[in-house]
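Remarks on the overall topology
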Amino acid sequence: MTALLELRNVSRRFGGLVAVNDVTLKIAEGEIVGLLGPNGAGKTTLVNVVTGVHPATGGQVLFEGRDITRVPPFRIARSGLARTFQIVQPFPKMTVVENVAAAALFAGRAEGMAEAFEAARRHLDFTGLGDAADQVASTLTLAKRKRLEFAKGLAMNPKLLMLDEVNAGLNSAEVEDAMRLIRKIADSGVTILIIEHIMKVVLSVSRRLLVLHHGELIADGLPEEVTNDRRVIEAYLGKRYAEKAGR
Amino acid sequence: MKPWLWLVVFVAACALVPVFGNNYALRLATIMCLYAGLALSWNFIGGMAGYPSFAAAAFFGLGAYVSAVLQSKGLPIGVTWAAAGLGATVFAALIGMAILHLKGHYFAIASLAVVEVLREVVNTAEDLTGGGMGMNIPLPGMPVDVQARLFFFAMLTMTVLLLAVTIVVSRSKLGFGLRCISQNEDAADILGIDTTFYKVAAFCLSAFGVAVIGAIYASWVQYIEPPDVFDILYSVKPLVMVLLGGLGTIFGPVIGAVIYLALEELVWRNFLTVHAAVLGGLIVALVLFLPNGIGAVIRDRTKRAAVRS
Ligand SMILES: Nc1ncnc2c1ncn2[C@@H]1O[C@H](COP(=O)(O)OP(=O)(O)OP(=O)(O)O)[C@@H](O)[C@H]1O
Ligand SMILES: [Mg+2]
């Protein structure tokens, strides 16, 4: 298997804190992989390492076989690696369509402004934000702002899209919508790494789960295996649940 | 299309001054173009990119001295102006790469330090610049009123050029990228914008404009000294003008420059001894009460009028 994304013994320190600790993993083209882990496990940091925002302090990151460990974020973005932000990051004073057009123009394939705006409208329709296109981004509801992150990510024309807790703060109907959208994106040929707190949500879309705990990758496998792994149950759901389950 | 129309109106209005106005009016119009040019230049880095630069006085003085030194070596005046612009652009690229990774106050202070450093360098390089004695750069063999017109049209040309560049940039990929950076630099970075390159480009544009205006100024006043051309007011005034007129807009800097000059003249005449304090107070009040600039008020008015009609 030639991996689309490969991490080799990747670590990231912040001073004395090791936020990501010696993580090795591969993601193949076409997969939908779920990344789970409790608060502070290092999930967002892992995304930041891959996208070059907080470069690895140890180990190697390879994208399509190319070493991108020390490549600046804007170049990584242009090479087809997109991410959404856990804390949404719109350009607040721009309209929704301008936000998405920026993604299409600078990281996507759009040649020139006109083409970028055309592509942006397409992605807005795809993500169900078409009606909000001309609204100023800061006036959107949280659910729509999360959608805007999707649309921006898609407009970057990614090979791999990393979704950092796109469902946090949404109600169950909105989560359903988002998951449907994720499946639609995957069907269009984009490889997806979906980061979630809620295991149930991830299980509905991915056939492979990764679990981080204290920066370490403690599980990597099929949902059945991972959810029955004692270490995962302990780390992720707490000791009490583990004991109950082991009974 | 509309900005280009306003540009033509602006040029036409200015070009009429030497025809109908007296020497006082011509002098005021020259200063107005100087101010508008400074404000438009500052707008690239301060308004579009959102980086509060105080380096304008450094570029102004650098441009003035490059032009003065080359003129004293016998080069034609136009060549010295171009050299001033190019020199400052290269200088800004180097400085920009060093300080544009700083944010907010840190960047502001670093850019301020550039002014002090350059002033000291010019003070020390006495052989070339005359140091604290200043430099005389006479322009022999040309009647005074012809000179006055020449420098007015030079300033006007530069301002129009900067206005044209502003219109082009604000509609281009560069302007779009700068807007992204000013609103959320981290998001811009992760969206594939080469933020360093974009910021340096804005800084260079800004330096080029200010330096050429400084060079024309030096030729106009024919005597420069470090405290005059490296005056920190050249950093502060454009910032105030842009805030008055509207940050990051196309005509805001020009509107702000006109308002600023009007205030300066009015206050100067009526409060001779305390004019600096009065002017300062007025500016603080205006910026506080009209945070989006007077340009925004005018825009809102016309919009509301349009809705009513
Ligand atoms: N820029 C930073 N500087 C210092 N420490 C950081 C930084 N970013 C993250 N950390 C620390 O690294 C650890 C992992 O944080 P991270 O945000 O990656 O966790 P997470 O798994 O995404 O958690 P959550 O589920 O709450 O989003 C935490 O202890 C956090 O405080
Ligand atoms: Mg996180």
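Quick note: structure is the one above.
Model, not experiment: these values are computed from the prediction.

Conventions used here
- Residues numbered from 1 in each chain as written.
- Chains lettered and ligands numbered in written order.
- Predicted model: local features only at pLDDT ≥ 70, side-chain atom pairs only at ≥ 80, totals over all residues.
- Heavy atoms only, no water.
- Helix = DSSP H or I, 4+ residues; strand = E, 2+ residues; numbered from the N terminus.
- Rg over C-alpha atoms; globule rule 2.2 N^0.38 Å.
- Lys, Arg positive; Asp, Glu negative; His and termini not counted.
- Charge placed at Lys NZ, Arg CZ, Asp CG, Glu CD.
- Buried < 20%, exposed > 50% of the residue type's maximum accessible area, 1.4 Å probe, protein only.
- Contact = heavy atoms within 4.5 Å.
- Areas by Shrake-Rupley, 256 points an atom, 1.4 Å probe, with all protein chains shown as cover.
- Buried area = accessible area lost by both parts, 1.4 Å probe.
- Salt bridge = Lys/Arg side-chain N within 4 Å of Asp/Glu carboxyl O.
- Polar contact = N/O pair within 3.5 Å; in protein donor to acceptor, adjacent residues only side chain to side chain.
- Nonpolar A, V, L, I, M, F, W, Y, C, P; charged D, E, K, R; others polar.
- Pairing = 2+ DSSP bridges.
- Near = heavy atom within 4 Å.
- Axes fitted to C-alpha atoms, helices over the stretch in contact; angles between N-to-C directions.

Description of the overall build of chain A
- Scanning chain A for helices and strands turns up ten helices and ten strands.
- Relative to the 2.2 N^0.38 estimate, which gives 18 Å for 247 residues, the radius of gyration of chain A is 18 Å and therefore close to what a compact globule would have.
- Along the three orthogonal principal directions, the C-alpha set of chain A runs to about 60 × 40 × 35 Å.
- Of the charged side chains in chain A, 32 are positive and 28 negative; the average position of the first set lies 4 Å away from that of the second.

Brief notes about the overall build of chain B
- Helix and strand counts for chain B stand at 16 helices and two strands.
- Radius of gyration (C-alpha) of chain B: 19 Å, near the 19 Å computed for a compact globule of 309 residues.
- Counting only C-alpha atoms, chain B reaches 60 × 45 × 40 Å along its principal axes.
- Across the 309 residues of chain B, 51% fall into the buried class.
- Sequence-distant contacts in chain B: of pairs separated by 6 or more residues, those separated by 24 or more amount to 78%.
- Accessible area for chain B stands at about 13900 Å²; split by element, carbon and sulfur atoms hold 71% of it.
- Seen as two clouds, the 17 positive and the 15 negative side-chain charges of chain B have centres 16 Å apart.

A short note on the interface of chain A and chain B
- Contacts between chain A and chain B engage 26 residues on the former and 18 residues on the latter.
- Both sides of the chain A and chain B interface together cover about 1900 Å² of buried area, and 71% of this is carbon and sulfur.
- Its largest share of buried area at the contact with chain B, chain A owes to Phe-74, Phe-91 and Phe-106 of chain A, together 34% of the area lost on that side.
- Here chain A is connected to chain B by one salt bridge.
- With its nearest N and O atoms 3.1 Å apart, the salt bridge here joins Glu-98 of chain A to Arg-179 of chain B.
- The interface formed by chain A and chain B holds six residue pairs in polar contact (both at pLDDT 80 or more) in total.
- Put simply, the parts of the chain that give the side of chain A that touches chain B at least two residues each are helix H2 (73-78), helix H3 (96-106) and helix H4 (112-126) of chain A.
- Considering every element that reaches the side of chain A that touches chain B, the biggest residue donor is H3 of chain A, with seven residues.
- A breakdown of the residues in the side of chain A that touches chain B according to their chemical character gives 18 nonpolar, three polar and five charged.

Side note on the pairing of strand E2 (residues 17-27) of chain A
Residues and elements named next belong to chain A.
- In this sheet, E2 lies alongside strand E1 (residues 5-14) in antiparallel orientation, the contact comprising seven bridges. Among the inter-strand pairings, Arg-13 is bridged to a residue of E2, identified as Val-18.
- In textbook terms, the turn of a hairpin is the stretch between consecutive antiparallel strands, and for E1 and E2 this stretch comprises two residues, one of which, Gly-15, has a positive phi near 60 degrees.

Focus: the site of ligand 1
All names here are of chain A.
- Neighbouring ligand 1 are 15 residues; Asn-39, Lys-43, Thr-44, Thr-45 and Gln-86 lie closest to it.
- Gly-42 is positioned such that a nitrogen or oxygen atom in its backbone is 2.9 Å from an oxygen atom of ligand 1.
- Contact between ligand 1 and Gln-86: an oxygen atom at 2.8 Å from a side-chain N or O atom of the residue.
- For ligand 1, the accessible surface in isolation is 630 Å², of which the surrounding protein chains cover 64%.
- Listing elements by their share of the shell around ligand 1, those giving two or more residues are E2 and helix H1 (43-50).
- Among the elements that line the shell around ligand 1, the one with the most residues is H1, at three residues.

Here we look at the sheet that holds strand E9 (residues 208-213) of chain A
Residues and elements named next belong to chain A.
- Taken together, the six strands give an open sheet; going across it, the order is E6-E7-E8-E3-E9-E10, and neighbouring strands pair in mixed fashion. Taken across any chain shown, the strands that pair with only one partner, and hence form the sheet edges, are strand E6 (81-83) and strand E10 (216-221). Within this sheet the neighbouring strands show an average axis-to-axis angle of 15 degrees, counted without direction.
- Looking at chain direction, strand E7 (residues 160-164) and strand E8 (residues 191-196) are connected through five bridges and run parallel. Pairing of Leu-163 across the sheet is with Ile-194, part of E8.
- The sheet contacts of H1 involve strand E3 (32-36), E6, E7, E8 and E9, and relative to E6 the element is tilted by about 145 degrees.
- In the packing of helix H6 (residues 172-187) onto the sheet, contacts are made with E3, E7 and E8, and the angle to E8 comes to roughly 155 degrees.

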